[in-house]
Amino acid sequence: MPLSTIRTRALSLLLILALPAVAVADGQNFANTLPSPQQVGWQDLQFGVIVHFGTNTFLDREWGDGTAPAAVFDPDHVDPGQWAKAVRAAGARYMVLVAKHHDGFSLWPTEQSDYSVKSSPWLNGKGDLVKLTSEAARKAGLAFGVYLSPWDRHEPKYADKAAYDKYYAAQLDELATGYGPLVEWWLDGAGSAGHVYDFDHYIEELRTYQPNTMVFADVALFSYGDIRWAGNEHGATEGETWNVIDRHGELRWRPVEVDTPLHKDHWFFSSKPDFAASLKTVDELVTTWEMSVGRGAQLMLGIAPNTHGLLPEADVKRLAEFGTALEHRYGNASNLVAGGSADNAETKRALDNDPATSWSAPEGSSHAELNVSFPNPVTFDSAIAMERLDAGQHVRHYSIEVMRGNTWVTVAEGQAIGHLKLDRFPAVTAARVRLNIQSSVGTAEIREFKLFNTSTPAKE
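Residues numbered from 1 in each chain as written. Predicted model: local features only at pLDDT ≥ 70, side-chain atom pairs only at ≥ 80, totals over all residues. Heavy atoms only, no water.

Student: Describe the overall build of the protein chain, naming the residues involved and giving the relevant values.
Tutor: Counting its secondary structure elements, the protein chain contains 10 helices and 18 strands. A globule of 460 residues ought to have a C-alpha radius of gyration of about 23 Å, and the protein chain, at 23 Å, matches this closely. Each principal axis of the C-alpha distribution contributes one length, and for the protein chain these read about 75 × 60 × 30 Å. Considering only contacts within the protein chain whose residues lie at least 6 apart along the sequence, 77% involve residues at least 24 apart. A total accessible area of about 17,900 Å² is found for the protein chain, and carbon and sulfur atoms account for 52% of it. (Helix = DSSP H or I, 4+ residues; strand = E, 2+ residues; numbered from the N terminus. Rg over C-alpha atoms; globule rule 2.2 N^0.38 Å. Contact = heavy atoms within 4.5 Å. Areas by Shrake-Rupley, 256 points an atom, 1.4 Å probe, with all protein chains shown as cover.)

Structure, rendered in structure tokens:
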């Protein structure tokens, strides 16, 4: 499966595309390695879903072997609009469809093979699930992307490297030219031990038709991806997130995407009894968000339509509950800073619930403070800070402090802020609070500084 913890570590060619995120010049460092505009926009999406639906759905499998007949795929009520509405309710902003999994069955009528929806009874072989899903996503205001598995257990050409490279590139061209702008292209090396792909050619093809698409890949797969894997499927990135990664001496802006399924250990729907019981609780999902988005990474949550082509009602309900819980806990309406006052007009730009505006430390400074005062003391147990990353990730050490008497007391501290940093701590009550940037390389810019009391009960 594309999200498997079994990741092939085979290294590919070292060709690097000439993108702004590449840092290979002598003397270049982490602070002046910059994101592309497309990466900045992608990071602002924060939360997406990946849809697993195919022959495995009808066979209670996670990994297909490519032998299932196309006739197995026969849903009677496919409704990507239902999927899109459900994930919007959860707060997701983009949706990636697994257009071809490792079994090789294609969810669009590819001209490269008969092993696709055109050979299935679904819609009498006239269906195109990629088209339906892309249209539903955009209608719901979601960006759309695809996963096309490099490993193909059905296609005979796979045994011939040159023939399969041509085959894969042709399928890529179909997806890249037929379904509108793609926000993300998923790649992994699952099941590919011993097989060498022409990733250089694949990505050149993709860039030709979809220059703004973000390419996800394991760091070991090839060096020039735009997004990197977190290294697990538990829904967490370990520690603080630095967006620049050093791969064999090459620096590149490559933010983290954390992938995890809505159902524990199930990327595809299963009719087995343990599937329903594996649905994650709201608390588990909120914790996942806190340990991914809350640590500066992107969250990719796996959803799985059933054999009808619908998300199970329990999943729809859980996604809505998840979105409601997130909004209650960390939504703008719960931001206590809205009731505070800034010490100057510049500071207000980080306290306005608008990430399009930002506060900037004095030019060239390595230490600065962002202060907020309240007419009456407020109680809070969480803080969110967001760094403006267009010019790089600069903050190296920060603390969140409250005034007690005439002394500033630290309640939380860390190194990286990055796209978004959530800090949780025992509840404190104070009338003066500050984000103290104790060290930065380059001029720090803060888009948002927020305070929350997560113990406040939700309104009925």
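Having seen it, we continue.
Student: So, the packing of aromatic side chains: which residues are in play, and what are the values?
Tutor: Across all of its chains, the model carries 26 aromatic pairs by this definition. Both rings, one in Phe199 and one in Phe222, keep their centres 4.9 Å apart while their planes meet at 50°; by these two values the pair is tilted. Linking Phe199 in helix 6 (residues 199-209) with Phe222 in the loop between strand 6 (214-217) and strand 7 (227-229), this pair joins segments that are 23 residues apart in sequence. Of the two residues, Phe199 and Phe222, neither departs from the other in class, the shared state being buried. Each ring, one from Phe222 and one from Tyr224, has its centre 4.8 Å from the other, and the planes form 20°; the classification is stacked. Here the two residues Phe222 and Tyr224 agree in accessibility, since each one is buried. (Phe/Tyr/Trp six-rings, centres within 6.5 Å; stacked < 30°, edge-to-face > 60°. Buried < 20%, exposed > 50% of the residue type's maximum accessible area, 1.4 Å probe, protein only.)

Student: Explain unusual backbone geometry to me, and be specific about the residues and the numbers.
Tutor: One non-glycine residue, Asn124, lies in the positive phi region at around 55°. Along the chain, Asn124 falls in the loop between strand 3 (94-100) and helix 4 (129-139). On the accessibility criterion, Asn124 (69% relative accessible area) is exposed. In this structure, His248 takes a positive phi of about 55° despite not being glycine. Within the secondary structure, His248 is located in the loop between strand 8 (244-247) and strand 9 (250-253). By relative accessible area, which is 62% here, His248 ends up exposed.

Student: Can you break down helix 8 (residues 282-292) residue by residue, with the values?
Tutor: Regarding helix 8, the residues found buried are Leu285, Val286, Thr288, Trp289, Glu290 and Ser292. Residues of helix 8 that are buried make contact with strand 10 (256-261), strand 11 (298-303), helix 9 (313-330), strand 14 (368-387) and strand 17 (421-440).

Student: Account for the pattern of salt bridges, with residues named and values stated.
Tutor: As enumerated under the stated definition, the model contains 19 salt bridges in all. Salt-bridge contacts for Asp152 lead to Lys100; the nearest nitrogen and oxygen are separated by 2.9 Å. Here Lys100 lies in strand 3 and Asp152 lies in the loop between strand 4 (143-148) and helix 5 (161-178), a separation of 52 residues in the sequence. Exposure remark for Lys100: the relative accessible area of 0% places this residue in the buried category. With a shortest N-O distance of 3.4 Å, Arg388 and Glu445 are connected by a salt bridge. A residue pair is termed long-range when its members are at least 10 positions apart, and Arg388 in the loop between strand 14 and strand 15 (395-404) and Glu445 in strand 18 (residues 445-452) qualify at 57 residues. The class for Glu445 is buried, based on a relative accessible area of 16%. (Salt bridge = Lys/Arg side-chain N within 4 Å of Asp/Glu carboxyl O.)

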